[in-house]
Amino acid sequence: MTWCTVLRVVVSAVVVLTSTVVIRSPSAQAAAANPVVTWDANAQQAIWDVAQQQPNEQARSFAMVHGAVYDAVNAIAGKPYRPYLGAPAADGTESAEAAVATAAHQVLAFLFPAQLARLQAQYDAALAAVPDSPHKQRGVSVGAQAAAAMIAARRNDGAFGSQTWREGTQPGQWRPTPPTFASAGAWTGHVKPFLIPSASMFRTSGPPELTSRAYARDYDEVKRLGAVDSSVRTADQTSAAIWWHDRRLTEWEIKRQVAIGQGLDTLQAARMFAMVDMTEADALIACYAEKEHWSFWRPVTAVQLGETDGNRATVGDPSWMPLLVTPGFPEYTSGHTCFTSASMATLAFFYRRDNISFSAYSPAANATRHFASFSKALAEVVEARIWGGVHFRSADNQGVRIGLSVFAYMAAGDYFKPTR
């Protein structure tokens, strides 16, 4: 069964067991001016364009911003959905634009105090576009309360802790990899999740035994396809590997593009972004907990030391290097497939369909890639991490399972559910 089929089956099963509100279709002009979409782009500017946060850091920041925005907008709308943290008092006359801007701005100001001047100017411009009235001031108050609740909930949540990765010298054990020999992000698996009760609740059975045929198949595949000088990887596969590896995550553009294309109003967009971003964040937290538990070596280490793994079917190459620079943390499971499976499954669930087309541009690849569905994107990222030489297939597949498990937990629970 392909990952396209798996995603459709999982999402369809959860849709049958749960209920959601059918998406209405406001005008394209209204969607394009959606303040939630605007502030998602503003958040990207702060989180990546300026702060250059890495994916594990980015996920937490986006989830905090959109969780606060959702609680503010949902309160003004009369709580048609279950709040995430709570619902500030509101009577529906408050300015949603002012609430969105305030909630997003105050969370971003908390996260990035070095950007206060730029963020304040951005916020002032957003409020200037809202006519002065008591409705505007009440919207500011609702947004401020939602932001304060999120900031209080995430203080001392384990982010940016002092944990370090466990290094080893035995076959299969992770150690820093060339050319950077970096070691970063070990705290991620210790962060308090947004939705799931425990980072370790979806523990896998681990990577294949080094002496197994399954490991030999994974090893041979990444050695052939993921080498920097691979003669069997196509030009399109090379471009895809770089596109998916871009730390300016293309998923951001995808979410905004689909929100506008599907004509989401402010409440719908707030709910969608919160739902997707929190599920993504928890999938990464669970993935990093898995990385810490298994501490498995990366393909570059495995191939260079292939003669030491005890498997007669693997042939080592001390000079082998991958197409992409290997991230500075253990291999199993794949963070990108954890994240993308959670993202694509939640998007398909929210829109109640898989076959929505979209595209996104990656500066790193200098290319735009097009997809006919969420499941097609998921299927490609599984392959792309192998084409890039940074993951074995088993780590990609188990990463997808973790992401889908986090999604299923979110969708089957009480989060974001209609209240009437």
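Our structure's up above, just so we're on the same page.
Worth saying up front: this structure is predicted, and the values here are computed from it rather than measured.

A.B. asks: Teacher, can you tell me more about the overall build of the protein chain here?
C.D. replies: Scanning the protein chain from terminus to terminus reveals 15 helices and 2 strands. A compact globule built from 420 residues should have a C-alpha radius of gyration of about 22 Å, and the protein chain, at 22 Å, falls within 12% of that. Taken over the C-alpha atoms alone, the protein chain extends approximately 75 × 40 × 40 Å along its principal axes. Per-residue burial over the protein chain gives 60% buried out of 420 residues. Partitioning the intrachain contacts of the protein chain with sequence separation of at least 6 by distance along the chain shows that 81% fall at a separation of at least 24. Split by element, the accessible area of the protein chain, about 16000 Å² in all, is 54% carbon and sulfur. With 36 positive and 35 negative side-chain charges, the protein chain shows a separation of 4 Å between the mean positions of the two kinds.

A.B. asks: Can you help me understand the packing of helix 4 (residues 55-76) against helix 7 (residues 134-154) in this one?
C.D. replies: The packing of two helices is summarised by the inter-axis angle and the distance between the axes. Where helix 4 contacts helix 7, the two axes come as close as 8 Å, and the packing angle between them is 140°. Looking at the two axes, helix 4 sits oblique to helix 7. The two elements helix 4 and helix 7 meet at a crossing, and its hand is right-handed. Note on element contacts: helix 7 touches helix 4 through Val142, Gly143, Ala146, Ala147, Met150 and Arg154, opposite Arg60, Ala63, Met64, Gly67, Ala68, Asp71, Ala72 and Ile76. Grouping the amino acids of the contact of helix 4 with helix 7 by side-chain chemistry returns 9 nonpolar, 2 polar and 3 charged.

A.B. asks: Mind showing me how you'd approach the packing of aromatic side chains here?
C.D. replies: The relative placement of two aromatic rings is captured by the distance of their centres and the angle of their planes. The final tally for this structure, using the stated rule, is 20 aromatic pairs. Where Tyr70 meets Phe416, the ring centres are 5.2 Å apart and the plane angle is 70°; that geometry is what we call edge-to-face. With Tyr70 in helix 4 and Phe416 in the segment after helix 15 (393-412), this residue pair connects regions lying 346 residues apart in the sequence. Here Tyr70 matches Phe416 in class, with each residue buried. With a centroid separation of 5.7 Å and 55° between ring planes, the pair formed by Trp243 and Phe371 is classed as tilted. Taken as a pair, Trp243 in helix 9 (residues 235-245) and Phe371 in strand 2 (residues 367-371) lie far apart in primary sequence, 128 residues in all. Of the residues examined, Phe371 reaches a relative accessible area of 6% and is grouped as buried. Between Lys291 and the ring centre of Tyr288, over which it is positioned, the NZ or CZ distance is 5.8 Å.

A.B. asks: Just checking my understanding: could you explain the pattern of salt bridges for this structure?
C.D. replies: Two side chains carrying opposite charge are able to pair once their charged atoms lie near each other. Across all of its chains, the model carries 12 salt bridges by this definition. A salt bridge links Asp40 to Arg256; the nearest nitrogen and oxygen atoms lie 2.7 Å apart. Of this pair, Asp40 sits in helix 3 (residues 35-50) while Arg256 is found in helix 10 (residues 250-261), placing the two residues 216 residues apart along the sequence. An identical accessibility class is assigned to Asp40 and Arg256; each is buried. For Lys255, the salt bridge goes to Glu280, with nearest N and O atoms at 3.1 Å.

A.B. asks: Explain unusual backbone geometry here, please?
C.D. replies: Pro179 follows Pro178 through a cis peptide bond whose omega is 5°. For Asn156, which is not glycine, the phi dihedral falls at a positive 55°. With respect to the element layout, Asn156 can be found in the loop between helix 7 and helix 8 (213-225). The class of Asn156 is exposed, set by a relative accessible area of 82%. Even without a glycine there, the phi angle at Phe181 is positive, about 50°. Along the chain, the position of Phe181 falls in the loop between helix 7 and helix 8.

A.B. asks: Honestly, helix 6 (residues 116-128) in this entry has me stumped. Any pointers?
C.D. replies: Here helix 6 is 13 residues long and its end C-alpha atoms lie 18 Å apart, about the 18 Å a rise of 1.5 Å per residue gives. Turning to helix 6, its buried residues are Leu119, Gln122, Tyr123 and Leu127. Across the axial projection of helix 6, the buried residues extend over an arc of 130°, all falling on one side. Structural note: helix 6 exposes Ala117 and Ala128 on the side pointing more than 90 degrees away from its buried face. Buried residues belonging to helix 6 abut helix 3, helix 5 (96-111) and helix 7.

A.B. asks: So what exactly am I meant to see when it comes to the side chain of Thr102 here?
C.D. replies: Looking at where Thr102 falls in the secondary structure, it is placed in helix 5. Taking relative accessible area as the criterion, Thr102 reaches 0% and is therefore assigned buried. Thr102 has contacts with Tyr123, Val140, Gly143 and Ala144, leaving out every residue within four places of it along the chain.

A.B. asks: Which parts of the structure should I look at to understand helix 15?
C.D. replies: Helical geometry note: an α-helix holds 3.6 residues per turn, so side chains three or four residues apart project in the same direction. Along its 20 residues, helix 15 runs 28 Å from first to last C-alpha, staying within 8% of the 28 Å computed at 1.5 Å per residue. Most of helix 15 is tucked away: 15 of the 20 residues are buried.

A.B. asks: Is there a simple way to think about the pairing of strand 2 in this case?
C.D. replies: Each regular strand shows side chains that alternate between the opposite faces of the sheet. Going residue by residue along strand 2, you find Ala367, Arg369 and Phe371 tucked away on one face and Thr368 and His370 left uncovered on the opposite face. Of the pairings in the sheet, the one linking strand 1 (residues 358-362) to strand 2 comprises 5 bridges and is antiparallel in character. Across the sheet, the residue bridging to Ala360 is Arg369, located in strand 2. From the end of strand 1 to the start of strand 2, which pair antiparallel, there are 4 residues, and Asn366 there has a positive phi angle of about 50°.

A.B. asks: Can you help me understand the nonpolar core in this one?
C.D. replies: Core analysis: the biggest nonpolar cluster contains 96 residues, and Val69, Leu108, Phe194, Met272, Tyr351 and Phe374 have the highest contact counts within it. Per element, the largest residue contribution to this core is 12 residues, and it comes from helix 11 (residues 266-294). Among the nonpolar cores identified, the runner-up in size contains 15 residues, and Tyr215, Val222, Ile386 and Phe392 belong to it.

A.B. asks: What exactly am I supposed to notice about the packing of helix 3 against helix 6 here?
C.D. replies: Axis separation between helix 3 and helix 6 bottoms out at 12 Å; the angle between their running directions is 170°. In terms of orientation, helix 3 lies roughly antiparallel with respect to helix 6. Residues Trp39, Asn42, Gln45, Ala46 and Val50 of helix 3 form the contact with helix 6, whose own contacting residues are Arg118, Leu119, Gln122, Tyr123 and Ala126. Partitioning the contact of helix 3 with helix 6 into residue classes produces 6 nonpolar, 3 polar and 1 charged.

Thresholds, definitions, all that
Residues numbered from 1 in each chain as written. Predicted model: local features only at pLDDT ≥ 70, side-chain atom pairs only at ≥ 80, totals over all residues. Heavy atoms only, no water. Helix = DSSP H or I, 4+ residues; strand = E, 2+ residues; numbered from the N terminus. Rg over C-alpha atoms; globule rule 2.2 N^0.38 Å. Buried < 20%, exposed > 50% of the residue type's maximum accessible area, 1.4 Å probe, protein only. Contact = heavy atoms within 4.5 Å. Areas by Shrake-Rupley, 256 points an atom, 1.4 Å probe, with all protein chains shown as cover. Lys, Arg positive; Asp, Glu negative; His and termini not counted. Charge placed at Lys NZ, Arg CZ, Asp CG, Glu CD. Axes fitted to C-alpha atoms, helices over the stretch in contact; angles between N-to-C directions. Parallel < 35°, antiparallel > 145°, perpendicular 65-115°, else oblique. Left-handed = near helix turned anticlockwise from the far one by under 90°. Nonpolar A, V, L, I, M, F, W, Y, C, P; charged D, E, K, R; others polar. Phe/Tyr/Trp six-rings, centres within 6.5 Å; stacked < 30°, edge-to-face > 60°. Lys NZ or Arg CZ within 6 Å of the ring centre and 35° of its normal. Salt bridge = Lys/Arg side-chain N within 4 Å of Asp/Glu carboxyl O. Expected span 1.5 Å × (residues − 1). Arc of directions from axis to C-beta. Pairing = 2+ DSSP bridges. Core = buried A, V, L, I, M, F, W, Y, C linked by side-chain atoms within 4.5 Å.

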